[in-house]
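# A structural walkthrough
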Amino acid sequence: MAIAVAPDRTSVLPGRITNATLASFVRSVPSVDEVGVEERVASLATRSIKKDSKMDALLLAVRMMDLTTLEGKDTPGKIAQLSAKAIRPDPVDPTVPSVAAICVYPAMVPYAKQSVEGSGVKVAAVATYFPSGQLDTKAKLAETASVVAMGADEIDMVIDRGAFLSGEYFRVFDEVRRVKEICDGKARLKVILETGELGTLDEVRRASMLAMAAGADFIKTSTGKVQPAATIPVTLVMLEAIRDFENATGVQIGMKPAGGIRTSKDAIRYLVVLSETLGPRWLTPDWFRFGASSLLNDVLMQIRWLKTGRYQAGDYFTKD
Amino acid sequence: MTPRLEVKKTYKLYINGEFPRSESGRSYPALSADGDVLARVARGSRKDLRDAVRAARTAQEKWAAKSGYNRGQILYRIAEMIEDRASAFAEQLAAGGLTTARARREVGESVDRMVWYAGWADKFIQIFGNLNPVAGPFFNISAPEPTGVVGIVAPETPAFLGLVSRLAPVIVSGNAAVVVASESQPLPAITFSEVLESSDVPSGVVNILTGSAEELVPWLADHMDVNAVDLAGASAEVTLRAQEGAVHNVKRLVGKSGYSDAQSPYLIAAFTETKTVWHPKGL
Amino acid sequence: MAKNLPAPKSLDWAYAPSRESTDIVKLEGRYGLFIDGKFRAPLSRKYFQTVNPATEEPLAQVASANAADVNRAVKAARAAFDNGWGDLSGVERAKFLFRIARMIQERSREMAVLETLDGGKPIRESRDVDLPLVAAHFFYYAGWADKLEYAFPGLKPEPLGVAGQVIPWNFPLMMLAWKIAPALAAGNTVVLKPAETTPLSALLFAQLASEAGLPPGVINIITGAGETGAALVEHPDVDKVAFTGSTAVGKRIATSLAGTDKRLTLELGGKAAHVIFDDAPIDQAIEGVINGIFFNQGHVCCAGSRLFVQETIHDRFVEKLKRRLNTLRVGDPLDKNTDVGAINSAEQLARISELVEAGQEEGAEMYQPACELPGNGFWFRPTLFTGVSQSHRIAQEEIFGPVLSIMSFRTPDEAVEKANNTPYGLSAGVWTQKGSRILWMADRLQAGVVWANTYNKFDPASPFGGYKESGFGREGGRHGLLAYLKGLDE
């Protein structure tokens, strides 16, 4: 897989970028057989991890977490508590590492920045009129600019699904490209495809390629506000798209499943699929994140079970 | 020493995998052949029926989506569970006037009938579906699909075999059912609902109401979200009334000539719709 | 509050040897023949050994049936047929078969472990594929036993009598189910000979059948090698012969049946074409190809052993295949993480090695992942060959191992012509998005089973069998009953 030329994501793009040429590009993405995907996922579900590796996997899952709160009722107080948890997830065990980031609404970014300062935990903010994206481009770009100005380390934007599903590929592409311009050098860009609204795995794969070609640093499954959110089949399809994209362009892209990942067993299954599809280079918070909230406590419980040999209870872990 | 006081069972309706009393609060006595009160059972109302139809509709899609193999296994399990409770059923049938021997035989026949229909689940499509050799470069296939929600008027007698004989062919293909049980001998039907509950049958696939057929069947027949009604157990008057009501959403009506003891895959087919699909064959 | 943990930037982890325990299996030192409801010492007084091909350790001694033993078994089957099984009502036969199906489900894990020990296939396959299909087959045919009058319009169903059945070592219990379930459902009695390298699951099955209360003589299991099989198929009181195995032996059997009025069905070898068009769902096609040739170490009659890739995507497809080959785990079949298990025997390993050498000599380019193989046992790395031509031995002869021969094509006509250019005709695979093309290809492929956008799918309701030298007759589905009833296919 060695590439002789420098990584260049535009190498997959047509020479002239118009809606028509982007439509051709999107349609050239290989189709996906849903039944085949489900079978592959099922066969990977039976993989069994070594006990030592399991502890490493659980600690990695913690380090990969974007601890999330995206509620209308979020307040500075809530953010402070979440940040404390993000920095020190297990009150009793200081060897449990911090999570990768906290993920919050734009208005909460200043409080988040304050609460995690000096800890290494990043601040990820949603943008582009999350979760619906149903607003004019200019307003969405302005929102992004202000969030970047507030110092967010990562931006989780949503694509315009209405535009995607009605074939306005240029609009989708252009919004991602322009958000990336605003972010570039200051914040890493995750692009949320909202796979639960796209309808088929074919569309998921197409949206993935479009987002990556346009500038995504990460592609992300969901806002968490729509069911279904992340699933392993959707994740597998996106990882395969990432693999094809790197083969074609030399550019490495990260992946984040978000929403609906509740148990350690789920998390490990995701990591197995990741490892089998993309290999060890992606097994790091730089290239893979879990968008989750309740997952963290389940992982902490499993870590403690591995350390003590006793099944755990919820009361021994904090609910922030 | 006084004999131990028995804790007698309350017989309720079976709707959506639960055992509610009738929302009307009514009940009536189930009598033995000698006129003794065996127990009181719920007198189902039109609202109970409405709830049952809703439960059936909700459950039907997933039931139909199961493989034939899976449904066959579930029906086989129902048979296992009936077998396990054979003496309870036999007692109830005997109370209705049968000799013990005849009652036991009826229970055995009910088990075997359920097993017979269980075996059709992954086969009836091979009999009633087929490729059609149309004149043109087309793949053309016809296959039966379950019609949806089916109302069943269970025969007054045989009180258990009759119910099993009419229910099994309906649900084996993926329909959900709302059953109006035998009014004169309702106990086997409610005991049967307990069997269903322990047999991996998903909630809502089978719903059983006790009460008056004369009162309930018109509501069933008029219901716009019921696709078919089996009238084999209905009296002539009830049948006529049902035929008039069924017209409104063009229900399929089966069993107009009454109940017979036969088992047949054609009874399965009666509650299916045939779908034919075309696809060109070419480059 | 700073959190400076010196965590590694990325992680390289290992799958556990997640070994299924063999405690659940209770092996006897020595097994007799199961005749007329009991295990009996062979009249031949001879025994042979069966070994675990992953370790070469001996597992048990198994009886070697001679002609006298075969005769005893056939007599028992005949008596059972004449004295009741043939006249037993369908519903009672059905209930026996349902009972057996249930018992198989209950002892599934035990049977799966035994199958893996004796044959070398990964426990994940024996547990998740073989055993569920075994139970399903008995369930399916149980349901036909009392419905035979509906199966074939105008035919009054009558059983044939005694069926002599010989099965191979690649899916021992599953092949047993494919043979015994329809035979019994139709009212016949059977004498079955499992393959000499994999007799144990059949012997365990015999125990189950007798626990199910099956009348003595309805099922008889006789172990032995080629001679035992020949004695069985040639026995004059066998009404029907069913054989699954190599085309060479199948032809010998057909020869020995000439002049008799025994009914015969054969399920023989294959060299299936697996055709990938450029509009295929590529990543799922890769999985399909991998499954098609490496499932069960390629010991599969319908294995997709000849890959035809449309030239426009050939190089990219082969790169993805090679990458995927490198993630296959070869090793201890009892390890739940193993993908590719042991080769069934030293003989089979020699055959595979010989053909692979021929492939290299004839000029095809070989690729194998650099995986470590265990010391003891019979092993072969998953292998693919590119630059293969139709005339190469590896494109013509059935290898029956984890070896894929890859060729390219340009047009559908060419794909069909090359796919059909073989004396075999068991199965074929087609991958394309275009429905009309699937149906066009299916119409033209001379194969008894066509898989489109999938591969290696089996179901008791789905008929399976070959065209041409892959045999005749179908197993599975309503069609599978034809072989065991009178009045058809004379």
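Predicted, not measured: the structure shown is a model, and the values here were computed from it. (Residues numbered from 1 in each chain as written. Chains lettered and ligands numbered in written order. Predicted model: local features only at pLDDT ≥ 70, side-chain atom pairs only at ≥ 80, totals over all residues. Heavy atoms only, no water.)

## As for the overall build of chain C
We count it as follows: Strands here mean DSSP runs of E at least two residues long; helices mean DSSP runs of H or I at least four residues long; both are numbered from the N terminus. Our radius of gyration is a C-alpha quantity, and the globule rule it is checked against amounts to 2.2 Å times the number of residues to the power 0.38. Each residue gets one of three labels from its accessible area relative to the maximum for its type: buried under 20%, exposed over 50%, partly exposed in between, using a 1.4 Å probe on protein chains only. Residues count as neighbours in contact if any of their non-hydrogen atoms are within 4.5 Å of one another. Where accessible areas are quoted, they stem from the Shrake-Rupley method and a 1.4 Å probe; at the residue level, only the protein chains shown are allowed to cover. Charge assignment in this entry is limited to Lys and Arg as positive and Asp and Glu as negative, and neither His nor the chain termini are counted. In plain terms, the charge of a residue is placed at NZ if it is Lys, CZ if Arg, CG if Asp and CD if Glu.
Across its full length, chain C holds 15 helices and 18 strands. For 490 residues, the compact-globule estimate of 2.2 N^0.38 gives 23 Å, and the C-alpha radius of gyration of chain C, at 23 Å, lies within 12% of that figure. Expressed as a percentage of the 490 residues in chain C, the buried residues total 63%. A fraction of 75% describes how many contacts in chain C between residues 6 or more apart in sequence connect residues 24 or more apart. For chain C, the accessible surface area stands at approximately 17,300 Å², while carbon and sulfur atoms represent 49% of it. Each charge class in chain C was averaged separately, 52 positive and 57 negative side chains, and the resulting centres sit 3 Å apart.

## Side note on the overall build of chain A
In terms of helices and strands, chain A carries 13 helices and eight strands. Taken over C-alpha atoms, the radius of gyration comes to 19 Å for chain A, in line with the 20 Å a tight globule of 320 residues would show. Its C-alpha atoms give chain A principal-axis dimensions of about 60 × 45 × 40 Å. Put simply, chain A has 320 residues, and 57% of those count as buried. Once local pairs closer than 6 in sequence are excluded, the contacts in chain A between residues at least 24 apart make up 77%. A distance of 3 Å separates the average location of the 40 positive side-chain charges in chain A from that of its 38 negative side-chain charges.

## Here's the deal with the interface of chain C and chain B
Quick note on the threshold: Buried area: the accessible area, evaluated with a 1.4 Å probe, that two parts lose upon being put together, summed over both parts. Basic side-chain nitrogens of Lys or Arg form a salt bridge, by our definition, when they fall within 4 Å of a carboxyl oxygen of Asp or Glu. Basically, the charged four are Asp, Glu, Lys and Arg, the nonpolar ten are Ala, Val, Leu, Ile, Met, Phe, Trp, Tyr, Cys and Pro, and anything else, Gly included, counts as polar.
With 28 residues of chain C at the interface, the matching set in chain B holds 24 residues. Taken as a group, Arg102, Tyr150 and Leu439 of chain C account for 26% of the area that chain C buries against chain B, more than any other trio of residues on that side. Among the ionic pairs, glutamate 80 of chain B bridges to arginine 102 of chain C, the shortest N-O distance being 2.7 Å. Examining the composition of the side of chain C that touches chain B, we find that seven residues originate from one element, helix H4 (residues 123–144) of chain C, more than from any other. Its residues placed into classes, the side of chain C that touches chain B shows 14 nonpolar, five polar and nine charged.

## Considerations on the packing of aromatic side chains
Which entries qualify depends on this criterion: Aromatic rings from Phe, Tyr and Trp, with only the six-membered ring used for Trp, were paired whenever their centres fell within 6.5 Å, and each pair was classed as stacked if the ring planes differed by under 30 degrees, edge-to-face if by over 60, and tilted otherwise.
Overall, the coordinates contain 31 aromatic pairs over all chains when judged by the stated rule. Where phenylalanine 164 of chain A meets tyrosine 169 of chain A, the ring centres are 5.5 Å apart and the plane angle is 80°; that geometry is what we call edge-to-face. Between tryptophan 116 of chain B and tyrosine 150 of chain C the ring centres are 6.3 Å apart and the planes differ by 65°, which places this aromatic pair in the edge-to-face class. Here tryptophan 116 of chain B, found in helix H4 (residues 100–118), pairs with tyrosine 150 of chain C, found in helix H5 (residues 148–151), and the two come from separate chains. For tyrosine 150 of chain C, a relative accessible area of 22% puts it in the partly exposed group. The structure contains a cluster of three or more aromatic residues connected by ring pairs, namely Trp116, Tyr117 and Trp120 of chain B together with Trp144 and Tyr150 of chain C.

## Side note on the pattern of salt bridges
For side chains of opposite charge, pairing can occur when their charged atoms come near one another. Residues and elements named next belong to chain A. In total, this model carries 72 salt bridges over all chains according to the counting rule given. Between aspartate 66 and lysine 190 there is a salt bridge, and its shortest N-O distance comes to 3.0 Å. Of this pair, aspartate 66 sits in strand S1 (residues 65–68) while lysine 190 sits in strand S5 (residues 188–192), and the two are 124 residues apart along the sequence. A residue is classified by how much of its surface remains accessible, and aspartate 66, at 0% relative accessible area, is buried. Looking at lysine 190, the relative accessible area reads 2%, which means it is buried. Note that lysine 256 is salt-bridged to aspartate 156, the shortest N-O span being 3.0 Å.

## Details of unusual backbone geometry
Residue proline 131 of chain A follows phenylalanine 130 of chain A across a cis peptide bond; omega there is 0°. Tracing the backbone through its elements, the reader meets proline 131 of chain A in the loop between strand S3 (122–127) and helix H6 (137–149). Threonine 157 of chain B connects to proline 158 of chain B through a cis peptide bond whose omega is 0°. Within the secondary structure, proline 158 of chain B sits in the loop between strand S5 (149–153) and helix H6 (161–171). Positioned with a positive phi, aspartate 36 of chain C is a non-glycine residue whose angle comes to about 55°. Within the fold, aspartate 36 of chain C resides in the loop between strand S2 (33–35) and strand S3 (38–40).

## Notes on the sheet that holds strand S3 (residues 130–131) of chain B
Convention followed: Any two strands with at least two DSSP bridges between them are considered paired. Angles run from 0 to 180 degrees between N-to-C directions of axes, and those axes are lines fitted to C-alpha atoms, restricted for helices to the stretch in contact.
On the basis of which strands lie adjacent, the open sheet formed by three strands has the order S3-S4-S10 (chain B) and antiparallel pairing. Here the strands that pair on one side only, and so sit at the sheet edges, are S3 and strand S10 (272–280) of chain B. Those strands touched by helix H15 (residues 435–444) of chain C are strand S4 (138–146) and S10 of chain B, and its axis lies near 85° from that of S10 of chain B.

## Here's the deal with the arrangement of the chains
Considering every one of the two pairs of chains in contact, the largest contact total is recorded for chains A and C. For chain A and chain B, which are not in contact, the least C-alpha distance works out to 15 Å.

## Side note on the side chain of serine 212 of chain B
Residue and element names in this part refer to chain B. What counts here: Counted as a polar contact is a pair of N or O atoms within 3.5 Å, where, for protein atoms, one must be capable of donating a hydrogen and the other of accepting one, and residues adjacent in sequence contribute only when both atoms are in side chains.
Secondary-structure assignment places serine 212 in the loop between strand S7 (206–209) and helix H8 (213–222). Its relative accessible area of 9% is what places serine 212 among the buried residues. Of note is the side chain of serine 212, whose polar atom sits 3.0 Å from the backbone nitrogen of glutamate 215. Ignoring sequence-local partners within four residues, the contact set of serine 212 consists of Arg43 and Glu183.

## Regarding helix H1 (residues 46–65) of chain B
Residue and element names in this part refer to chain B. Spelled out, the test is: Here, expected helix span is obtained from the residue count minus one, scaled by 1.5 Å. Note that the bend at a residue is defined as the angle between axes fitted to the seven residues ending at it and the seven residues starting at it.
Over its 20 residues, H1 extends 29 Å from the first C-alpha to the last, a length consistent with the 28 Å expected when each residue adds 1.5 Å. The axis of H1 is deflected most strongly, by about 35°, at alanine 59. Where H1 is concerned, the buried positions are Asp48, Leu49, Ala52, Val53, Ala55, Ala56, Ala59, Gln60 and Trp63.

## Topic: the nonpolar core
In summary, soluble globular proteins display a tendency toward joint burial of nonpolar side chains. Spelled out, the test is: Here, nonpolar core means buried Ala, Val, Leu, Ile, Met, Phe, Trp, Tyr and Cys residues that are tied together by side-chain atoms lying within 4.5 Å of each other.
Phe192 of chain B together with Phe138, Phe205 and Phe317 of chain C are the most contacted members of the largest nonpolar core, which has 168 residues in total. Once residues lying within four places of it in the same chain are set aside, the contact partners of phenylalanine 205 of chain C are Ile100, Ile104, Met111, Phe138, Leu173, Leu176, Ile180 and Ile219 of chain C. In this structure, Met108, Met238, Val272 and Trp282 of chain A belong to the second largest nonpolar core, which totals 102 residues.

## What to know about the sheet that holds strand S8 (residues 290–292) of chain A
Residue and element names in this part refer to chain A. Read from one edge to the other, the open sheet built from eight strands follows the order S7-S6-S5-S4-S3-S2-S1-S8, with strand pairing classed as parallel. Two strands in the sheet have a free side with no partner beyond their single neighbour: strand S7 (254–256) and S8. If you compare each strand with its neighbour and ignore which way they point, the axes differ by 25° on average. Two strands pair when backbone bridges link them, and S1 and S8 are joined in this way by three bridges, in the parallel orientation.

## Topic: the confidence of the model for chain C
Note the threshold: Per-residue confidence from the predictor is given as pLDDT, running between 0 and 100.
On average, residues of chain C carry a pLDDT of 95, and 97% of them reach 70 or more. Here the predicted complex scores 0.92 on pTM and 0.90 on ipTM.

## Focus on the pairing of strand S4 (residues 154–158) of chain A
Residue and element names in this part refer to chain A. Formally: Classification remark: right-handed applies to a crossover when, strands pointing away from the viewer, the course from the first strand over the helix to the second runs clockwise.
Here S4 lies mainly inside the structure; five of its five residues are buried. The alternating pattern of S4 places Glu154, Asp156 and Val158 and Ile155 and Met157 on opposite faces, both of which are buried. With respect to chirality, the unit in which S3 leads through H6 into the neighbouring parallel S4 is right-handed. Relative to S5, S4 runs parallel, the two being bridged by five bridges.

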